[in-house]
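# Descriptive structure summary
Residue-level listing of the chains:
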Amino acid sequence: MEYVQNKAADTSAAQARNGKDIQGIPWDRLNITRKEYRKTRLEQYKNYENIPNSGEESAKKCMNTEKGSSFYEFRRNSRSVRSTILHFQLRNLVWATSKHDVYLLSNYSISHWSSLTGCRNEILNVKGHVAPSEKHPESLLEGFTETQVSTLAVKERLLVAGGFQGEIICKHLDRPGVSFCSRTTYTENAITNAVDIYRNSSGSLHFMASNNDCGVRDFDMERYQLVQLVRYLWPVNHSSLSPDGKLVAVVGDDPDGLLVDASNGRTIGTLKGHLDYSFASAWHPNGVTFATGNQDKTCRIWDTRKLSESVAVLKGNLGAVRSIRFTSDGRYVAMAEPADFVHIYDIKTGYKKEQEIDFFGEISGISFSPDTESLFIGVWDRTYGSLLEYGRTRDYTYLDSLL
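Because the structure is a prediction, the values reported are computed rather than measured.

In this section: the overall build of the chain. In terms of helices and strands, the chain carries four helices and 31 strands. The C-alpha atoms of the chain give a radius of gyration of 21 Å, which matches the 22 Å a tight globule of 403 residues would have. If you line up the chain on its principal axes, its C-alpha atoms span 60 × 55 × 50 Å. In the chain, which comprises 403 residues, the share counted as buried stands at 58%. Considering only contacts in the chain between residues 6 or more positions apart, those separated by 24 or more positions represent 49%. Of the accessible surface of the chain, which amounts to about 17700 Å², a share of 49% is contributed by carbon and sulfur atoms. Of the charged side chains in the chain, 48 are positive and 49 negative, and the gap between their average positions amounts to 2 Å.

Take the pattern of salt bridges next. Across all of its chains, the model carries 23 salt bridges by this definition. For arginine 34, the salt bridge identified is with aspartate 358, shortest N-O distance 3.2 Å. Of this pair, arginine 34 sits in helix α3 (residues 34-44) while aspartate 358 is found in strand β29 (residues 353-368), placing the two residues 324 residues apart along the sequence. Taking relative accessible area as the criterion, arginine 34 reaches 26% and is therefore assigned partly exposed. The shortest N-O distance in the salt bridge between arginine 38 and aspartate 358 comes to 2.7 Å.

Glancing now at the confidence of the model for the chain. Within the chain, residue pLDDT values average 94, and 96% of them lie at 70 or more. Taken together, the stretch residues 1-6 has pLDDT below 50 and engages in four contacts with residues farther than four places along the chain or on a different chain.

Turning our attention to the sheet that holds strand β6 (residues 109-114). Strands sit in the order β4-β5-β6-β7 across an open sheet of four strands; the sheet is antiparallel. Edge positions in the open sheet fall to β4 (94-96) and β7 (119-125), since each of these has one partner strand only. The average angle at which neighbouring strand axes cross in this sheet is 25 degrees, direction not considered. With six bridges connecting them, strand β5 (residues 101-106) and β6 associate as antiparallel partners. Counted as the bridge partner of valine 102 is tryptophan 113 from β6.

The subject of this paragraph is the environment of proline 285. Topologically, proline 285 is positioned in the loop between β22 (278-283) and β23 (289-294). Look at proline 285 and you get partly exposed, because its relative accessible area is 37%. The sequence separation of proline 285 and aspartate 303 amounts to 18 residues, and the corresponding C-alpha distance is 13 Å.

Looking now at the side chain of serine 182. Here serine 182 shows up in strand β13 (residues 180-183). Look past the residues within four positions of serine 182 in its chain and what remains in contact with it is Phe144, Gly166, Glu167, Ile168 and Phe219.

For the rest of this paragraph, the subject is the environment of glutamine 44. Examined against the element boundaries, glutamine 44 turns out to sit in helix α3. Along the sequence, glutamine 44 and isoleucine 324 sit 280 residues apart, while their C-alpha atoms lie 24 Å from each other.

What counts as what
- Throughout this description, residue numbers start from 1 for each chain and increase along the sequence as written.
- Reporting in this predicted model follows two pLDDT cut-offs: at least 70 for local features of residues, and 80 or more for side-chain atom pairs to be given and counted; totals over whole chains, interfaces and linings ignore these cut-offs and use all residues.
- Side-chain figures throughout are based on the complete set of non-hydrogen atoms in the structure, without hydrogens or water.
- A run of H or I in DSSP counts as a helix once it spans at least four residues, and a run of E counts as a strand once it spans at least two, with each numbered from the N terminus.
- Between the two quantities, the radius of gyration covers C-alpha atoms and the globule rule is 2.2 Å times the number of residues to the power 0.38.
- Residue burial is assigned from relative accessible area. The probe radius is 1.4 Å, only protein chains are included, and a residue is buried under 20% of its type maximum, exposed over 50%, and partly exposed in between.
- Contacts are assigned to residue pairs that have any heavy atoms within 4.5 Å of one another.
- Each accessible area is a Shrake-Rupley result for a 1.4 Å probe, and residues are judged covered by the shown protein chains and nothing else.
- Charge convention: Lys and Arg are scored as positive, Asp and Glu as negative, and His as well as the terminal groups of each chain are ignored.
- Where a charge sits is defined by one atom per residue type, namely NZ (Lys), CZ (Arg), CG (Asp) or CD (Glu).
- What counts as a salt bridge is simple: a side-chain nitrogen of Lys or Arg found within 4 Å of a carboxyl oxygen of Asp or Glu.
- pLDDT measures how confident the predictor is about each residue, on a scale from 0 to 100.
- Pairing between two strands is assigned when DSSP locates at least 2 bridges connecting them.
- A fitted line through C-alpha atoms serves as each axis, taken over the contacting stretch for helices, and the angle formed by two N-to-C directions is quoted from 0 to 180°.

Here it is in structure tokens:
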């Protein structure tokens, strides 16, 4: 019965075209219009800053973009799947593995959602006791109880969840049970801020964990062991590996980011321009361009061949840029604010053309599907929490010749 009721509350593309609000908000029954409420949100939303007035100052350097493009069109809003967050600064809790398969966090439950069937399946519940069912020398056999998940990554049939106490929980999606548990550190402020799953040059599966103890750790998932630990001068909020595996973008509790050598962690260049702390980074598939997202409300685009200044400065509306994703074909980049707005830029136009996706609620994460056909946005809200799904807009005018 609950499923039927939730399905009724979903919004389809056809309903949206007929004027229904994409989130199902009944504006005609409220004493405020959508336009008025948007104005109020923009005026009253308090962006979290570690460095005062960083958002105000950074706005002066942002490039002007042409809004109104429609690179991805609304497909469905699924209210029957609720995406939640536990840490206000960490928003990497939604991962698409195909154009209709998504993994996300809902309270203590990590779930798989199929937009094809409209079904949610629990993959891992971390409220109780979670312990590895496999034995590996460096695995914590006693496991963890009541893990508060701070970050998530799902790729290559591997799910890695990071926790507030430095926990790392690894599960292969094609195997029963949990494969590996590790506590990165026992220091007081040990939160796992981000995880990046990748294959190294020899094809073995690894992941990189960024932690508040100033460390970036590299784990080998073929041997289930820590193979590298590099420490920096500040807590690391996000790190991401270049497509060729040679460089790492490292950002954290410092306005300056770093580009480092993946083999030894040595600094190759310093990224100067942001005015606050950064919480997001991502690489373009060409391995030359990468992006960083900051609490100064901007996303900066960098070129590895010229690190003295950023290529472009893209502006958010109300808050920090907490999540960044490039499409696998390198055509678009999306950046998510903490709430209400996801921006998609056309890289081909030099980031000048923009689509602004506008809704209400905190954003738990964004993810393009590997084939670029879908974009999923997790919305965390007590009443209107949901998963928004967008599909890539295709121009099929060449088919007109067949008519």
